[in-house]
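What the coordinates show
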Amino acid sequence: MARPFRRYSAGARWYDLLSGERWVYRAGRVAGIGLMDLRAGDVVLDLGCGTGLNFPLLHAAVGDRGRIVGVDRSTDMLAVARERVRREGWTNVTLIEADAAELDVEDVRARVAEATGRGRAGAVDAVLSTYVLSVMRGGAADAWRRAVTLVRPGGVLAVVDMQPPTGRWRILAPLAHLACALGGADIHARTWRFVARDAAPGSVREVTVRGGHIVAAVGRLPGEDVPATRS
Ligand SMILES: C[S@@+](CC[C@H](N)C(=O)[O-])C[C@H]1O[C@@H](n2cnc3c(N)ncnc32)[C@H](O)[C@@H]1O
């Protein structure tokens with residue numbers, strides 16, 4: 001039997017308060033989700049959804065007809081996410097406890113198909129991962145590969161993650177290193193490179209916020225319905 005994943009257990013209840021969300025990290029999710037151009041009715045996979053801090057923005061974008069599928073390995077982070085969903089009265093969120101690096105994509109396909117009535121082929125319209133792949137270290141590539149197999153042709157790929165601040169904000173590098181070390185993240189992982197690698201050429205947009213500390217990269221899988229990149 002797999003060992004329970006406890007890294008986020010003790011802090012789960014306090015995560016939203018102590019993670020620097022308000023002053024630093026919310027800006028990254030706002031930037032990333034803004035670039036995704038989600039439409040009402042879309043199905044979005046939030047890989048490593050944690051306590052569901054992306055859910056309000058995602059729900060506003062996809063509406064009641066859309067669906068959010070949150071995957072996370074931590075029982076305790078998911079408990080906070082579940083409470084958020086209950087509190088908001090959302091009925092279109094599916095939460096799955098799983099190691100993303102070993103995600104059973106057929107199971108996710110089946111669950112999405114059951115919840116949405118869609119065919120099983122292109123299960124989701126978009127995948128988003130915020131501040132997760134850099135904590136997964138060796139498992140990040142596998143997690144991303146599995147998630148991408150669930151996205152329909154022309155669907156959206158989005159990663160928001162961290163790096164040391166740049167330019168004049170380099171003065172804050174020690175703080176950024178400390179925050180990443182406390183969260184178990186590799187600040188040098190540059191995980192948004194997965195988007196550029198897998199997205200259709202020319203579809204990728206990248207923005208940095210908070211002094212370059214946060215990078216949001218969004219692109220579209222090759223296939224039908226790849227709109228031109230906005231300038
Ligand atoms: C820094 S938190 C980010 C949470 C959320 N995405 C956010 O933006 O606030 C990292 C999350 O990744 C999850 N995680 C870490 N390794 C994982 C894995 N192998 N599979 C699924 N989730 C994982 C943790 O449980 C935690 O909820």
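Everything discussed here concerns the structure shown above.
Model, not experiment: these values are computed from the prediction.

Analysis parameters
Residues numbered from 1 in each chain as written. Predicted model: local features only at pLDDT ≥ 70, side-chain atom pairs only at ≥ 80, totals over all residues. Heavy atoms only, no water. Helix = DSSP H or I, 4+ residues; strand = E, 2+ residues; numbered from the N terminus. Rg over C-alpha atoms; globule rule 2.2 N^0.38 Å. Buried < 20%, exposed > 50% of the residue type's maximum accessible area, 1.4 Å probe, protein only. Contact = heavy atoms within 4.5 Å. Areas by Shrake-Rupley, 256 points an atom, 1.4 Å probe, with all protein chains shown as cover. Lys, Arg positive; Asp, Glu negative; His and termini not counted. Charge placed at Lys NZ, Arg CZ, Asp CG, Glu CD. Core = buried A, V, L, I, M, F, W, Y, C linked by side-chain atoms within 4.5 Å. Polar contact = N/O pair within 3.5 Å; in protein donor to acceptor, adjacent residues only side chain to side chain. Disulfide = S-S within 2.5 Å. 1 Å grid on protein atoms, 1.4 Å probe; cavity = no way out; pocket = protein on both sides within 12 Å on 5 of 7 lines; lining within 4 Å. Points joined across faces, edges and corners; volume = space filled by probe spheres on them. Nonpolar A, V, L, I, M, F, W, Y, C, P; charged D, E, K, R; others polar. Near = heavy atom within 4 Å. Sits in = over half its atoms within 2 Å of the grid points. Pairing = 2+ DSSP bridges.

What about the overall build of the protein?
The helix and strand inventory of the protein stands at nine helices and seven strands. Over its C-alpha atoms the protein spans a radius of gyration of 17 Å, differing by no more than 12% from the 17 Å that the globule rule assigns to 231 residues. Seen through its C-alpha atoms, the protein measures out along the principal axes to roughly 50 × 45 × 35 Å. Counting every position in the protein, which comprises 231 residues, the buried fraction comes to 52%. Considering only contacts within the protein whose residues lie at least 6 apart along the sequence, 75% involve residues at least 24 apart. With the model as given, the accessible surface of the protein reaches about 11300 Å², and the carbon-plus-sulfur share is 54%. Averaged over its 32 positive side-chain charges, the protein has a centre that lies 5 Å from the centre of its 25 negative ones.

Digging into the nonpolar core
Across soluble globular proteins, nonpolar side chains have a tendency to be buried as a group. In this structure, M36, F55, M136, W144 and L157 are the most contacted members of the largest nonpolar core, which totals 72 residues. Those residues in contact with M36 that sit more than four places away from it in its chain are V44, A126, V127, L128, V156, A158, V218 and R220.

With respect to the side chain of D42
One can find D42 in the loop between α2 (21-35) and β1 (43-47). Within the structure, the side chain of D42 is placed 2.8 Å from the backbone nitrogen of R39, a separation counted as a polar contact.

Brief notes about the state of the cysteines
Applying the stated criterion to the full structure yields zero disulfides. No disulfide involves C49; its nearest neighbouring cysteine sulfur is the one of C180, lying 20 Å away. On the basis of relative accessible area, C49 is assigned to the buried category, the value being 6%. Residue classification places C180 among the buried residues on the basis of a relative accessible area of 3%.

Structural notes on empty space enclosed by the protein
Enumeration according to the criterion identifies one cavity of 30 Å³ or more in this entry. The volume enclosed by the largest cavity comes to roughly 50 Å³. Every residue along the wall of the largest cavity is listed here: D37, L38, R39, D42, D125, R152, V156 and R220. Tallied by class, residues from the lining of the largest cavity come to two nonpolar, no polar and six charged.

Brief notes about the layout of surface pockets
Approximately 930 Å³ is the volume attributed to the largest pocket. If you trace the largest pocket, you find 41 residues lining it, with Y8, Y15, Y131, V135 and G183 closest to the centre. Every element with two or more residues in the lining of the largest pocket is listed here: α1 (15-18), α2, β2 (67-72), α6 (133-136) and α8 (173-183). No other element matches the four residues that α8 contributes to the lining of the largest pocket.

Quick word on the environment of V215
With respect to the secondary-structure elements, V215 resides in strand β7 (residues 214-220). Measuring from C-alpha to C-alpha, the distance between V215 and G139 comes to 20 Å, with 76 residues separating the pair along the chain.

Regarding the site of the ligand
As a structural note, the neighbourhood of the ligand is formed by 20 residues, with R29, G48, D72, A100 and T130 the closest of them. Within the side chain of R29, an N or O atom sits 2.7 Å from an oxygen atom of the ligand. In the environment of the ligand, a nitrogen atom lies 2.8 Å from a nitrogen or oxygen atom belonging to the side chain of D99. Calculation on the ligand without its partners gives an accessible area of 590 Å², and the protein chains cover 96% of this total. The cavity that encloses the ligand is the largest pocket. Split by residue class, the shell around the ligand holds twelve nonpolar, four polar and four charged.

What about the pairing of strand β4 (residues 124-130)?
Counting buried positions over the seven residues of β4 gives seven, a clear majority of the element. Here β1 pairs with β4 via three bridges, running parallel. Paired with L45 across the bridge in β4 is V127.

Considering the pairing of strand β5 (residues 151-162)
Taking burial as the measure, the twelve residues of β5 include eleven buried ones, the bulk of the element. Here β4 pairs with β5 via six bridges, running parallel. What sits directly across from S129, in β5, is V159.

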